[in-house]
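Below are the chains, spelled out letter by letter.
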Amino acid sequence: MQLKQILLTALLSAGIGSAQAQAIDTVVNKISDQPFDVSFQVPDGNYRVTVTVGNKKKAAQTVVRAESRRHYFDLIATKKNKFETVTFVVNKHNPQIDSNTRVGLKPREWTYKNWDDSLTITFAGPMPACQSIHIEPASDVTTVFLCGNSTVVDQENEPWASWGQMVTRWFDDKVAIANYAESGLSCASFLSQRRLDKILTQLKKGDYVIVEFGHNDEKEKAPGSGAWYSYSRNLKIFADRVKAASGIIIFCTPTARRAFNPDHKTNRNTHGDYPDAMRAVAQREGVQVIELTPMTTSLYEAMGEEGSKKALVHYPANTFPGQTDAKADNTHFNPFGAWEVAKMVVMGLKHMWSPLAEHLRSDWQDFNPAQPDDPDRFVWHMSGGTNMTKPDGN
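Residues numbered from 1 in each chain as written. Predicted model: local features only at pLDDT ≥ 70, side-chain atom pairs only at ≥ 80, totals over all residues. Heavy atoms only, no water.

1. Comments concerning the confidence of the model for the protein chain
Residues at a pLDDT of 70 or more form 95% of the protein chain, whose mean pLDDT is 94. Across residues 1-19, where pLDDT falls below 50, the model places 47 contacts with residues more than four positions away in sequence or in other chains. (pLDDT = per-residue confidence, 0-100. Contact = heavy atoms within 4.5 Å.)

Below is the structure:
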């Protein structure tokens, strides 16, 4: 799927080190039968984005996303010469930490919209249309930084998806989600790539850092590795550094892999001691925990051994362009599965009485993973190209 891009350069003041974005107003007046992007070159930070969708001459059906497929608004239908305006907050960041240091991105990330110098708004759907965009710096919001692996990252391409790019859908314009996760990372590699260093240059008092690791940590076999050794030590490093910066840290136990027992009814734990090790560190360090391991297990068991494939990248050959073989991935979510896990994260925040839950949108409805949504009624409009290469990690 080819994307047409409009590049609009924001006005910046003074030099690079002190650049501050100004408010931007632009008339786009575009309608298409294909997704399209509108990009603004701006410094790192949070931006309140107000878009008016619709078209003077045609009816439109528009989905609004940003950066690497972060989902903000479901299908908005507008009649000819009718418009609707929505507002949301987008976090933009690049790899630069200071004049001498950068985040150690993987080569595949070099072209990701999440890490470039632009803030990109995507319009998707059957007939996307954008009339105008207003962007202004948003210094009055709470930022939620996400640390994790392929189950958290903003997946750049279809059909892969993760909860980090779906949870944006549920928050109002007082919360910004800043996703620093990447496929294949463990606690150790996230830290060694200086991603937490970058976060701490952006974090302000009262911001949140949500941490989900385990899938890749459990494959590390070097001396000193293991749930009760390097994994536990590194989780404590996250907690110590975030607290020292006056941030609020939350742990998520790792999402379960789809791995049914011989009874074909129950899903087995493939994570060994890692969830318990995270809980133990959390108890010692006074960190709250969102229990994604049991919640995703409940989801799989409620959907059943066969039905649960609809939450993951299980597709017969030729489902997507360039897909020559069948996909049967029991770790990585498709958009429906990511949508369900994002709801679990929100429920976890509600159960711990997090102030973040005060900023849920008015259409939020509480969710029980043992009573999942119907995957056959879930509609996802693609907004990027397809890439059938399995993400790093498992």
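2. Here we look at the sheet that holds strand S14 (residues 288-290)
What the five strands build is an open sheet, ordered S11-S10-S12-S13-S14; its pairing is parallel. Here the strands that pair on one side only, and so sit at the sheet edges, are strand S11 (175-179) and S14. Across the sheet, the mean angle from the axis of one strand to that of its neighbour is 25°, orientation sign disregarded. Here three bridges tie strand S13 (residues 248-252) to S14, and the two strands are oriented parallel to one another. Paired with Ile 250 across the bridge in S14 is Gln 288. (Pairing = 2+ DSSP bridges. Helix = DSSP H or I, 4+ residues; strand = E, 2+ residues; numbered from the N terminus. Axes fitted to C-alpha atoms, helices over the stretch in contact; angles between N-to-C directions.)

3. Concerning helix H4 (residues 274-285)
The end-to-end C-alpha distance of H4, which contains twelve residues, comes to 16 Å, matching closely the 16 Å that a straight helix rising 1.5 Å per residue would cover. Along H4, the residues classified as buried are Tyr 274, Pro 275, Ala 277, Met 278, Ala 280, Val 281, Ala 282 and Glu 285. Buried residues belonging to H4 abut strand S12 (208-211), helix H3 (227-244), S13, S14 and helix H5 (292-307). Downstream of H4 by a residue or two, Gly 286 has a phi angle that is positive, lying close to 70°. (Expected span 1.5 Å × (residues − 1). Buried < 20%, exposed > 50% of the residue type's maximum accessible area, 1.4 Å probe, protein only.)

4. Focus on unusual backbone geometry
Put simply, Glu 158 and Pro 159 share a cis peptide bond, and its omega is 0°. Here Pro 159 is to be found in the loop between strand S10 (142-147) and S11. Unusually for a residue other than glycine, Asn 29 sits at a positive phi of about 50°. By the element assignment, Asn 29 lies in strand S2 (residues 24-31). By relative accessible area, which is 45% here, Asn 29 ends up partly exposed.

5. Quick look at the pattern of salt bridges
With the rule as written, the count across this model stands at 26 salt bridges. Among the salt bridges present, the one from Glu 218 reaches Arg 257, with a minimum N-O distance of 2.7 Å. Within this pair, whereas Glu 218 is found in the loop between S12 and H3, its partner Arg 257 is found in the loop between S13 and H4, the two being separated by 39 residues in sequence. Arg 257 matches Glu 218 in its accessibility class, with the two residues each being buried. (Salt bridge = Lys/Arg side-chain N within 4 Å of Asp/Glu carboxyl O.)

6. Describing the environment of Ala 77
Its place among the elements puts Ala 77 in strand S6 (residues 70-78). Owing to a relative accessible area of 57%, Ala 77 belongs among the exposed residues under this scheme. It is 22 Å that separates the C-alpha atoms of Ala 77 and Asp 374, two residues lying 297 residues apart in sequence. Discounting residues that sit within four places of it in the chain, Ala 77 has contacts with Ala 60 and Gln 61.

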